[in-house]
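Chain and residue survey
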Amino acid sequence: MPIVDSIDLYLVQTPLPAPFSPAWVVKGTRQTASYYLIRVRTDDGVEGFSAFSATGRERAGSGDALAQLLLGKDATDIDHVIEMLRIPAYGGVRNFWVEPAFWDIKGKLAGKPVYELLGGKAQRVKLYASAGEVKQPEERIEEALARYEEGFETLKLRVHDFDEAVDIRHIQEPALALEGKMRFAVDCNQAFWYTGNGAGPKWDLARAKRFCDAAHEAGLAWVEEPLFMEWYEQMAQLAAYSKVPISGGELHTSGYAELAEMVTKRCYHIFQPDAMWTGGIQQTLAIAKLVRAAGLKYTNHTWSNGIGFAVNLQVFLASGFASEMEFEYPLSPPGWTMEARDAILARPWTHNRGALDAPTAPGLGFEIDERALAHYGRCFFKANRKKALWMPEVLADLTVAAPLPKR
Ligand SMILES: [Mg+2]
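These numbers were taken from a predicted model, which means no experiment stands behind them.

The number of helices and strands found in the chain is 14 helices and 14 strands. Summarising its shape, the C-alpha atoms of the chain cover approximately 65 × 45 × 40 Å along the three principal directions. Per-residue burial for the chain yields a buried fraction of 48% across its 407 residues. Residue pairs at least 24 apart in sequence account for 74% of intrachain contacts in the chain once pairs closer than 6 positions are excluded.

Below you can see the structure in the form of structure tokens.
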């Protein structure tokens with residue numbers, strides 16, 4: 001039985017080539033891709049990795065609980081790992097993001113990609129380009145043409161204005177300009193309200209309905225996250241009303257229990273869970289099966305970091321939807337590029353004419369570039385079965401780069 005012998009935690013920050021202002025963070029601009037990385041090693045030296053978005057030092061204290069709960073355990077007993085990860089959640093810190101590291105180990109021990117362990121097969125995945133910023137229509141059209149030239153057929157854009165007429169113009173004009181060339185989808189980012197830096201637009205059901213009418217008229221492929229994520233009843237009403245598919249699901253951190261209920265209620269036409277938030281690989285894949293049984297659609301959310309992308313790709317390849325749905329490919333130059341985001345991976349997840357071949361390497365399908373990790377990452381916690389080691393000097397300085405003022 002492969003035993004969990006050590007756990008290391010890092011904060012990784014890779015610089016972006018230009019400031020990036022995500023639509024979902026009011027007045028927020030990022031200059032790095034920032035995330036916590038976990039390295040789990042077995043007594044035979046097999047390593048598994050996973051990662052979760054960082055905004056500050058919110059996971060700096062996670063080492064104690066993870067070490068106590070996981071060291072000395074069977075690294076391939078995923079059910080038990082999930083059980084252990086639930087425990088700190090009762091105190092408010094959800095750690096399902098750690099679970100994929102154990103699948104990484106399991107796949108490497110079996111010599112197979114994780115999707116194969118889960119019943120999927122190697123295939124080419126069609127991607128849609130996922131833009132992260134709100135843009136004026138002229139700029140958006142330019143961006144859409146660039147993605148079209150690169151081989152993408154679908155672009156997901158963002159709206160986030162107080163004035164709904166502006167939002168509607170932001171979908172209509174690009175759709176009209178590229179009619180017959182490119183499909184558009186739109187993410188309204190209403191599932192959570194990140195208002196730490198100031199107020200943002202908050203939609204109600206009436207506004208969401210009017211927007212969906214406009215999106216249908218403009219021929220959009222789907223409308224994502226048009227309502228606050230806990231408004232299950234209103235979401236179901238909107239989904240029943242809308243002539244354009246409603247999608248969402250990335251942020252439901254209660255995992256299977258919450259999303260299963262949402263499938264029953266038919267809150268979305270297209271479920272887009274993200275394994276890093278929605279319960280890890282096992283729970284998220286179980287959702288895909290429920291979605292299929294309900295006659296609904298499924299494709300993973302992937303917008304976090306290169307490891308989150310890899311994990312969701314594995315789930316997607318095992319989901320049974322990989323031949324019929326496009327997979328999210330975050331791309332928002334000049335700020336958000338694969339090369340910058342994936343700086344600690346031996347190979348960034350570079351697309352090939354809007355598609356990606358399934359990785360065939362055992363485990364989660366990526367390799368850590370240790371030199372790059374040493375450069376961009378700071379290890380702040382190390383534990384093995386004998387001792388736990390905190391790095392106080394790293395911890396004292398463990399903050400993400402200060403946010404820039406919005407452009
Ligand atoms: Mg979204």
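After that view of the structure, there is still more to cover.
Attention shifts here to the nonpolar core. Formed by 112 residues in total, the largest nonpolar core has its most connected members in Tyr36, Phe184, Val186, Ala215, Leu220 and Val223. Broken down by element, this core gets its largest block of residues, 9 residues, from helix α11 (residues 306-318). A domain split of this core shows at least three residues from each of domain 1 (4-110 + 369-396) and domain 2 (116-357). If we skip the residues at most four places from it in the chain, Tyr36 touches Leu9, Tyr10, Leu11, Ala51, Phe52, Ala54 and Arg59.

On to helix α1 (residues 62-70), then. Along α1, the residues classified as buried are Ser62, Gly63, Leu66, Ala67, Leu69 and Leu70. Residues of α1 that are buried in the fold lie against β1 (4-20), α2 (78-89), β13 (377-384) and β14 (388-390).

Turning our eyes to something else, we now look at the packing of helix α5 (residues 137-150) against helix α6 (residues 164-177). Think of two packed helices as two axes; the pair is described by the angle between the axes and how far apart they sit. Relative orientation of the contacting elements α5 and α6 amounts to 45°, with a least axis distance of 9 Å. Relative to α6, the element α5 is oriented oblique. In this structure, α5 crosses over α6, and the sense of that crossing is right-handed. Taken together, the residues of α6 that come into contact with α5 (itself represented by Pro137, Arg140, Ile141 and Ala144) are Arg169, His170, Glu173, Pro174 and Ala177. Taken together, the residues that form the contact of α5 with α6 break down as 5 nonpolar, 1 polar and 3 charged.

Time to look at the domain arrangement of the chain. Structurally, the chain comprises domain 1 (4-110 + 369-396) and domain 2 (116-357). If you average the C-alpha positions of domain 1 and of domain 2, the two centres end up 25 Å apart. With 39 residues of domain 1 at the interface, the matching set in domain 2 holds 36 residues. Only β1, β2 (30-42), β3 (47-53), α2, α3 (99-110) and α13 (370-376) provide two or more residues apiece to the side of domain 1 that touches domain 2. The element best represented in the side of domain 1 that touches domain 2 is β1, accounting for 8 residues. Along the lines of polarity and charge, the residues of the side of domain 1 that touches domain 2 split into 27 nonpolar, 7 polar and 5 charged.

Let's shift gears to the sheet that holds β14. The 5 strands lie next to each other as β3-β2-β1-β13-β14, forming an open sheet whose pairing is antiparallel. Across the chains shown, the open sheet's two edge strands, defined by having one partner strand only, are β3 and β14. When strand polarity is set aside, the average angle formed by the axes of neighbouring strands in this sheet is 20°. Pairing of β1 with β13, which is carried by 7 bridges, proceeds in the antiparallel orientation. Along β13, the bridge assignment pairs Leu9 with Phe381. Strands β1, β13 and β14 of the sheet are contacted by α1, whose axis makes an angle of about 145° with β1.

Turning our attention to the environment of Arg385. Relative to the elements of secondary structure, Arg385 occurs in the loop between β13 and β14. Excluding anything up to four places from it in sequence, Arg385 contacts Asp5, Leu71 and Gly72.

Here the amide bond leading from Pro333 into Pro334 is cis, since omega sits at 10°, within 30 degrees of zero. Here Pro334 shows up in the loop between β11 (327-330) and α12 (338-341). Positive phi, close to 50°, is recorded for Asn189, a residue that is not glycine. In this structure, Arg353 takes a positive phi of about 50° despite not being glycine. Within the secondary structure layout, Arg353 lies in the loop between α12 and β12 (355-357).

We now examine the pairing of β2. Counting buried positions over the 13 residues of β2 gives 10, a clear majority of the element. Where β1 and β2 come together, 12 bridges link them in antiparallel fashion. Note on β2: the bridge partner recorded for Thr14 is Ala33. With 7 bridges joining them, β2 and β3 adopt antiparallel strand pairing. Note on β3: the bridge partner recorded for Tyr35 is Ser53. Between β2 and β3, which pair antiparallel in sequence order, lie 4 residues; one of them, Gly45, sits at a positive phi of approximately 85°.

Thresholds, definitions, all that
- Note that residues are indexed from 1 along each chain, following the sequence as it is written.
- Local features are withheld for residues below a pLDDT of 70 in this predicted model, meaning they are given only at 70 or higher, and side-chain atom pairs are given and counted only at 80 or more; totals for whole chains, interfaces and linings count all residues.
- Put simply, DSSP marks the helices as runs of H or I at least four residues long and the strands as runs of E at least two long, and each gets a number from the N terminus on.
- Put plainly, a residue is buried at 20 or more neighbouring C-beta atoms within 10 Å of its own, exposed at 12 or fewer, and partly exposed in between, counting only other residues' C-beta atoms, which are placed from the backbone.
- Here the contact rule is simple: place C-beta atoms from the backbone, and any two residues whose C-beta atoms are within 7 Å are in contact.
- Nonpolar core, as used here: buried Ala, Val, Leu, Ile, Met, Phe, Trp, Tyr and Cys residues forming one set through C-beta atoms within 7 Å.
- Each domain's limits were defined by an automated method or a database of domain assignments.
- Every angle, taken between N-to-C directions, lies between 0 and 180 degrees, and every axis is a line fitted to C-alpha atoms, over only the stretch in contact when it is a helix.
- An angle below 35 degrees is treated as roughly parallel, one above 145 as roughly antiparallel, one from 65 to 115 as roughly perpendicular, and anything else as oblique.
- Less than a right angle of anticlockwise turn of the near helix away from the far helix marks a crossing as left-handed, whereas a clockwise turn marks it as right-handed.
- For this classification, Asp, Glu, Lys and Arg are treated as charged, while Ala, Val, Leu, Ile, Met, Phe, Trp, Tyr, Cys and Pro are nonpolar and the rest, including Gly, are polar.
- For two strands to pair, DSSP has to find at least two bridges joining them.

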